[in-house]
Amino acid sequence: MKYVNIYGNKRNIGKKAVRFIRISGKVPCILYGKNINIPFSIPLESLKKLVYTTKIYGVILKIEGYDQSINAIRKEIQFDPVNNKILHVDFYKIDPSKPIILEIPVKTVGRPIGVEKGGEYYSFIRKLKVKASPYNMPESIELNINFLDIGDRIIVEDLYNDKYTILHPSHTLIARVKSSRTIIKSSQEEENKEGKEKENKEGKEKENKEGKEKKNKK
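This structure is a prediction, so every number in the text was calculated from the model and none was measured.

## Brief notes about helix α2 (residues 44–51)
For α2, the complete set of buried residues consists of Leu47, Leu50 and Val51. Seen along its axis, α2 keeps its buried residues to an arc of 85°; they face one direction. Along its buried surface, α2 packs onto β1 (2–10), β2 (26–33), β3 (36–43), β4 (57–63), β5 (70–79) and β6 (86–93).

This is the structure in structure tokens:
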């Protein structure tokens, strides 16, 4: 997991103080964790790399009045329901000795062989909830879909590894390749065609047989 540096300013609490912070183009934030609770503010520009991206970043916080930098992760974000502006952000202090839980984006690699045959690829999950130490937390979970043929699927159990734990049931469906309607239609048409040819053949054989029987009677 990569880290970005963010510099914050101490702030007062209360509605008036928060309103002034937002008017000045900053975002009120709070850092919490074991034995720590620090209200601060940061410029909106500093948050864009953390919020408007599919990537996962850790944060190195340098807050005014505190000598040491603090490693943290972004937790909750509050948006304005009308204009979707960022109203408030919670950060959680990382304890290197304890695992953390984050939603990690799923990144697909390749093109299923089943699609080359006319099948359709379906992806059901864009993010997976993962538990890992801060040092083993992945930036993304790579999903190799090259080998997927028609009827094949990938479930959580297939992504097992010893560096992190995916907190979803093992049978959770992540991706699959299904027969397309075109293939099904073509298959049905082929079956119907074969059926008609068989009927015609049987009909001709029956006519020939009946013709021979009539001839023998004469």
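## Some thoughts on the sheet that holds strand β8 (residues 120–123)
Across the sheet, which stays open at both edges, the 3 strands sit in the order β8-β13-β11 with antiparallel pairing between neighbours. Each edge of the open sheet carries a strand with a single partner, namely β8 and β11 (153–155). On average, each strand axis in the sheet is tilted by 5° relative to the strand beside it, whichever way the strands run. Summarising the sheet, β8 and strand β13 (residues 173–178) pair through 4 bridges and their orientation is antiparallel. When the bridges of β13 are listed, Ser123 appears paired with Ala175.

## As for the sheet that holds β4
Backbone hydrogen bonds hold the strands of a sheet together, and the pairing may be parallel or antiparallel. Spatially, the 6 strands close up into a barrel ordered β1-β3-β2-β6-β5-β4, and their pairing is mixed. Going across the sheet, the axis of each strand differs from the next one's by a mean of 45°, ignoring polarity. Two elements, β1 and β4, share 7 bridges in a ladder whose sense is parallel. Within the sheet, the bridge partner assigned to Asn5 lies in β4 and is Ile60. Against the sheet, helix α1 (residues 15–23) contacts β2, β3 and β6, and its axis sits at roughly 125° relative to β2.

## Section: the side chain of Ser41
Residue position: Ser41 is located in strand β3. Setting aside residues up to four positions removed in sequence, Ser41 forms contacts with Tyr7, Gly8, Asn9, Arg11, Ile21, Lys26, Val27, Pro28 and Cys29.

About the thresholds
- Residues numbered from 1 in each chain as written.
- Predicted model: local features only at pLDDT ≥ 70, side-chain atom pairs only at ≥ 80, totals over all residues.
- Heavy atoms only, no water.
- Buried < 20%, exposed > 50% of the residue type's maximum accessible area, 1.4 Å probe, protein only.
- Helix = DSSP H or I, 4+ residues; strand = E, 2+ residues; numbered from the N terminus.
- Arc of directions from axis to C-beta.
- Contact = heavy atoms within 4.5 Å.
- Pairing = 2+ DSSP bridges.
- Axes fitted to C-alpha atoms, helices over the stretch in contact; angles between N-to-C directions.

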